[in-house]
Amino acid sequence: MTAVPRLTITQDNQFWFDAVREGRLEIQQCNECGTLRHPPGPACPACRSFEWKTVESSRRGTLHSWTIIHHPQDPAFEYPLAVGLIDLDEGIRIVADIAGVDHDTLEIGMELEVGFAEHAHGEILPQLRKPGGDA
């Protein structure tokens, strides 16, 4: 039994979760000013336009920051759990678990890529990995 809540999917983020399930990382882009934004939202934070499209991310970037979580523990995760903030090549940041990387080797600026993995409730979410790892 896990205490992790189910994903909250709305009309503003449905496209993102659909793409992730298909193995793609989509980013919102404002039709008016071209600003990329994440997390998804209804309006551009730069010009307030409600018109947007998506662009597909290369899924590559560099580690901006990370933390190692020890407690509280939930059976949905393996501990210690590394969670990172990655600067994607497109210029936005996302937060995700880090998998397959020795925690002692993590360093700001190291190259990582976004893969996808099953999480609580069978949901698929991004996961940070070394370049060239499994999708």
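Reference entry: report on the structure contained in this document. (Residues numbered from 1 in each chain as written. Predicted model: local features only at pLDDT ≥ 70, side-chain atom pairs only at ≥ 80, totals over all residues. Heavy atoms only, no water.)

## Examining the side chain of glutamine 127
And step 1. Tracing the chain through its elements places glutamine 127 in strand β8 (residues 124–129).
And step 2. Apart from the residues lying within four places of it in its own chain, the contact partners of glutamine 127 are Ala96, Asp97, Ala99, Glu113, Val114, Gly115, Phe116, Ala117 and His119. (Helix = DSSP H or I, 4+ residues; strand = E, 2+ residues; numbered from the N terminus. Contact = heavy atoms within 4.5 Å.)

## Some thoughts on the pattern of salt bridges
And step 1. For the coordinates displayed, the defined rule picks out six salt bridges.
And step 2. A salt bridge links aspartate 18 to arginine 21; its shortest N-O distance comes to 2.4 Å. With aspartate 18 and arginine 21 both in helix α1 (residues 14–21) and three residues apart, this pair spans about one turn of that helix.
And step 3. Of the residues examined, aspartate 18 reaches a relative accessible area of 28% and is grouped as partly exposed.
And step 4. For arginine 21, a relative accessible area of 46% translates into the label partly exposed.
And step 5. Three or more residues are tied together by salt bridges with common partners; here these are Glu22, Arg24 and Glu26. (Salt bridge = Lys/Arg side-chain N within 4 Å of Asp/Glu carboxyl O. Buried < 20%, exposed > 50% of the residue type's maximum accessible area, 1.4 Å probe, protein only.)

## Comments concerning the layout of surface pockets
And step 1. Of the voids in this model, the largest pocket is the one considered here, and its volume is about 360 Å³.
And step 2. As for the largest pocket, its lining consists of 17 residues, of which Val95, Ala96, Asp97, Leu125 and Pro126 are closest to the centre.
And step 3. For the lining of the largest pocket, the secondary-structure elements that each account for two or more residues are β6 (93–98) and β8.
And step 4. Looking at the lining of the largest pocket, the element that brings in the most residues is β6, giving four residues.
And step 5. For the second largest pocket, the calculated volume is near 240 Å³.
And step 6. Contributing to the lining of the second largest pocket are 14 residues, with Phe77, Glu78, Leu81, Asp97 and Gln127 lying nearest its centre.
And step 7. At the level of secondary structure, the elements contributing two or more residues to the lining of the second largest pocket comprise β5 (81–88), β6 and β7 (111–118).
And step 8. Grouping the amino acids of the lining of the second largest pocket by side-chain chemistry returns eight nonpolar, three polar and three charged. (1 Å grid on protein atoms, 1.4 Å probe; cavity = no way out; pocket = protein on both sides within 12 Å on 5 of 7 lines; lining within 4 Å. Points joined across faces, edges and corners; volume = space filled by probe spheres on them. Nonpolar A, V, L, I, M, F, W, Y, C, P; charged D, E, K, R; others polar.)

## Some thoughts on the sheet that holds strand β1 (residues 26–30)
And step 1. Sheet architecture is open: three strands sit in the order β2-β1-β3, paired in antiparallel fashion. The outermost strands of the open sheet, each flanked by one partner alone, are β2 (36–37) and β3 (52–56).
And step 2. Relative to β2, β1 is paired through two bridges, and the arrangement is antiparallel. The residue bridging glutamine 28 from the neighbouring strand is arginine 37, located in β2.
And step 3. Contacting β1 and β3, α1 crosses the sheet at an angle of about 145 degrees to β1. (Pairing = 2+ DSSP bridges. Axes fitted to C-alpha atoms, helices over the stretch in contact; angles between N-to-C directions.)

## Let's talk about unusual backbone geometry
Note on backbone geometry: most residues besides glycine have negative phi, and most peptide bonds are trans.
And step 1. Residues histidine 38 and proline 39 are joined by a peptide bond in cis, for which omega reads 5 degrees.
And step 2. Considering the arrangement of structural elements, one finds proline 39 in the loop between β2 and β3.
And step 3. With an omega dihedral of -5 degrees, the bond running from histidine 71 to proline 72 counts as a cis peptide bond.
And step 4. Along the chain, proline 72 falls in the loop between β4 (60–69) and β5.
And step 5. Backbone geometry at arginine 48 places phi at a positive 70 degrees, although glycine is not the residue there.
And step 6. Along the chain, the position of arginine 48 falls in the loop between β2 and β3.
And step 7. In the Ramachandran plot, histidine 121 falls in the positive-phi region, its phi being about 65 degrees despite a non-glycine side chain.

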